[in-house]
Amino acid sequence: MRHFPISAPSTTGDKRDSGCPHVHFVGAGPGDPELLTLRALGLIGAADVVIHDRLVTQEILDLTRPDALLIDVGKTGFGPSWDQGDINDLLVRHGAEARVVRLKTGDPAVFGRLDEEVAALDGAGVAYDVTPGITAASAAVAGLGLSLTQRGRNAGLRIVTGHDAKGFAEQDWRDLARPGAVAAIYMGKRAARFLTGRLMMHGAAADTPVSVVENVSRADERIISSDLIGLADALADVNGPAVLLLGIAPRTGISAALREAL
Ligand code: SAH
């Protein structure tokens, strides 16, 4: 899907290969280059400038042109980080004169601050388009050989964050605490005790399953089977990015066997 600035519409036609100044927001997926879309692969390989997040893996950055300018605007979540305004300025500046890929981990539309960057480009009259990617939760359940929705268990799925701009994020806890509820919790490691406390306060059972999937799709992917009461302890030595799957238990033995077979 292509978009052009509302204020100054440009010509129509496919700009993806034409070399025009343009910003392509591209989903890099969870890390394994094989989980890139073909469109993402083409755009990454053609870009003059690649502005990427910290979680984009080296294998994917290796797919850029040798002469491409790579800029890491990674945010650590808690440590020092790039200011969003500075990232927006960088996109506008490079997007006005080069083929820019704004490479975001997973799907750019999931906890990726896409709207803020798009608004900056719109305001400056820079054209852009968005290429979706595989979000961490989808790849995490693929590793488990399970699905995020299941007939008779959960008719809906929540994608939530452990923390937001104000600190630990508040949610509709009563709904999340219901038996059978499933939520994919992003950025949840530091919020584990808060999550457990809030959910149990709203009636969730202490033994509600939680699967932690660290380094999804990478060589060091790790699945930790926990329950709500043990979640903080289960996360104690998790140092890589992790998605917490509330309400999902690995099928014992199956996921390991599945991986062996691959
Ligand atoms: N846009 C991304 C999410 C960015 S927010 C997506 O769609 O996946 C960053 C959070 O995403 C991390 O804190 C972690 O919870 C999750 N995440 C991203 N990549 C991951 C990976 N390879 N393994 C596990 N979790 C990951």
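This is a predicted model, so every value here is computed, not measured.

*Asks:* Break down the sheet that holds strand β12 (residues 222-227) for me, citing the residues and quoting the values.
*Replies:* Reading across from one edge, β7-β10-β13-β11-β12 is the order of the five strands in this open sheet, with mixed pairing throughout. Since the sheet does not close on itself, it has two edges, and those belong to β7 (158-161) and β12, each with one partner. Each neighbouring strand pair of the sheet contributes to a mean axis angle of 20°, computed without reference to strand direction. Here strand β10 (residues 183-186) runs beside strand β13 (residues 242-246); their pairing, made up of three bridges, is antiparallel. Paired with A184 across the two strands is L245, which belongs to β13. Helix α5 (residues 136-144) rests against β10, β11 (209-214), β12 and β13 of the sheet, and its axis sits at about 70° to β13.

*Asks:* Which residues make up the site of the ligand, and what are the values?
*Replies:* Taken together, 18 residues sit near the ligand, with P30, T105, V110, T135 and A242 positioned nearest. P30 places a main-chain nitrogen or oxygen 2.8 Å from a nitrogen atom of the ligand. The contact in question runs from a nitrogen atom of the ligand to an N or O atom on the backbone of V110, over 2.7 Å. Protein coverage of the free-state accessible area of the ligand, which is 540 Å², stands at 92%. Residues of the shell around the ligand, tallied by class, amount to twelve nonpolar, four polar and two charged.

*Asks:* Can you explain the nonpolar core? Please cite residues and give values.
*Replies:* Core analysis: the biggest nonpolar cluster contains 24 residues, and I185, L199, V212, L231, L235, L244 and L246 have the highest contact counts within it. Taken together, the elements giving at least two residues each to this core come down to α6 (173-176), β10, α7 (192-201), β11, α8 (231-234) and β13. If one sorts the elements of this core by residue count, α7 sits on top with four residues. Beyond its immediate chain neighbours, meaning those up to four positions away, L231 contacts A192, T196, V210, V212, S226 and L244. One finds V73, I87, L114 and Y128 within the second-largest nonpolar core, a separate group that totals 16 residues.

*Asks:* So what's going on with the confidence of the model for the protein chain? Residues and values would help.
*Replies:* In the predicted model, the protein chain carries a mean pLDDT of 90, and the fraction of residues at 70 or more is 87%. In the model, residues 4-18 has pLDDT below 50 throughout and makes 27 contacts with residues more than four positions away in sequence or in other chains.

*Asks:* How would you summarise helix α3 (residues 84-95) if you had to cite specific residues and measurements?
*Replies:* In this model α3 runs 16 Å from its N-terminal to its C-terminal C-alpha over twelve residues, within 8% of the 16 Å that 1.5 Å per residue would give. Listed as buried for α3 are Q84, I87, N88, L90, L91, H94 and G95. Buried residues along α3 cover an arc of 160° about the axis, so they all sit on one side. Summarising the contacts, the buried residues of α3 are in contact with β2 (22-27), β3 (49-52), β4 (69-72), β5 (99-104) and α4 (114-124).

*Asks:* Lay out the pattern of salt bridges with the relevant residues and their values.
*Replies:* Pairs may arise between side chains of opposite charge once their charged atoms sit close together. With the rule as written, the count across this model stands at 13 salt bridges. The salt bridge partner of R102 is D53, with a shortest N-O separation of 3.0 Å. Here D53 lies in the loop between β3 and α2 (58-61) and R102 lies in strand β5, a separation of 49 residues in the sequence. Look at D53 and you get buried, because its relative accessible area is 17%.

*Asks:* Can you lay out the environment of G123 for me, pointing to particular residues and giving the numbers?
*Replies:* Within the secondary structure, G123 is located in helix α4. When its relative accessible area of 66% is taken as the criterion, G123 is described as exposed. With 31 residues separating them along the chain, G123 and V92 place their C-alpha atoms 9.2 Å apart.

*Asks:* Lay out the packing of α3 against α4 in plain terms, naming residues and giving numbers.
*Replies:* Running from amino to carboxyl end, α3 crosses α4 at an angle of 45°, the nearest separation of the two axes being 9 Å. As judged from the angle between their axes, α3 and α4 are oblique. Our pair here, α3 against α4, has a crossing hand that is right-handed. Between α3 and α4, the residues in contact are Q84, I87, N88, L91 and V92 and E116, E117, A120, L121 and A124, respectively.

*Asks:* How would you sum up the pairing of β2? Please name residues and give values.
*Replies:* With six of its six residues buried, β2 lies for the most part within the structure. Burial along β2 is two-sided: H22, H24 and V26 facing one way and V23, F25 and G27 facing the other are all buried. Sheet topology note: the β2/strand β6 (residues 128-131) ladder contains four bridges and is parallel. Within β6, the position partnered with F25 by the bridge is V130.

About the thresholds
- Residues numbered from 1 in each chain as written.
- Predicted model: local features only at pLDDT ≥ 70, side-chain atom pairs only at ≥ 80, totals over all residues.
- Heavy atoms only, no water.
- Pairing = 2+ DSSP bridges.
- Helix = DSSP H or I, 4+ residues; strand = E, 2+ residues; numbered from the N terminus.
- Axes fitted to C-alpha atoms, helices over the stretch in contact; angles between N-to-C directions.
- Contact = heavy atoms within 4.5 Å.
- Near = heavy atom within 4 Å.
- Polar contact = N/O pair within 3.5 Å; in protein donor to acceptor, adjacent residues only side chain to side chain.
- Areas by Shrake-Rupley, 256 points an atom, 1.4 Å probe, with all protein chains shown as cover.
- Nonpolar A, V, L, I, M, F, W, Y, C, P; charged D, E, K, R; others polar.
- Core = buried A, V, L, I, M, F, W, Y, C linked by side-chain atoms within 4.5 Å.
- Buried < 20%, exposed > 50% of the residue type's maximum accessible area, 1.4 Å probe, protein only.
- pLDDT = per-residue confidence, 0-100.
- Expected span 1.5 Å × (residues − 1).
- Arc of directions from axis to C-beta.
- Salt bridge = Lys/Arg side-chain N within 4 Å of Asp/Glu carboxyl O.
- Parallel < 35°, antiparallel > 145°, perpendicular 65-115°, else oblique.
- Left-handed = near helix turned anticlockwise from the far one by under 90°.

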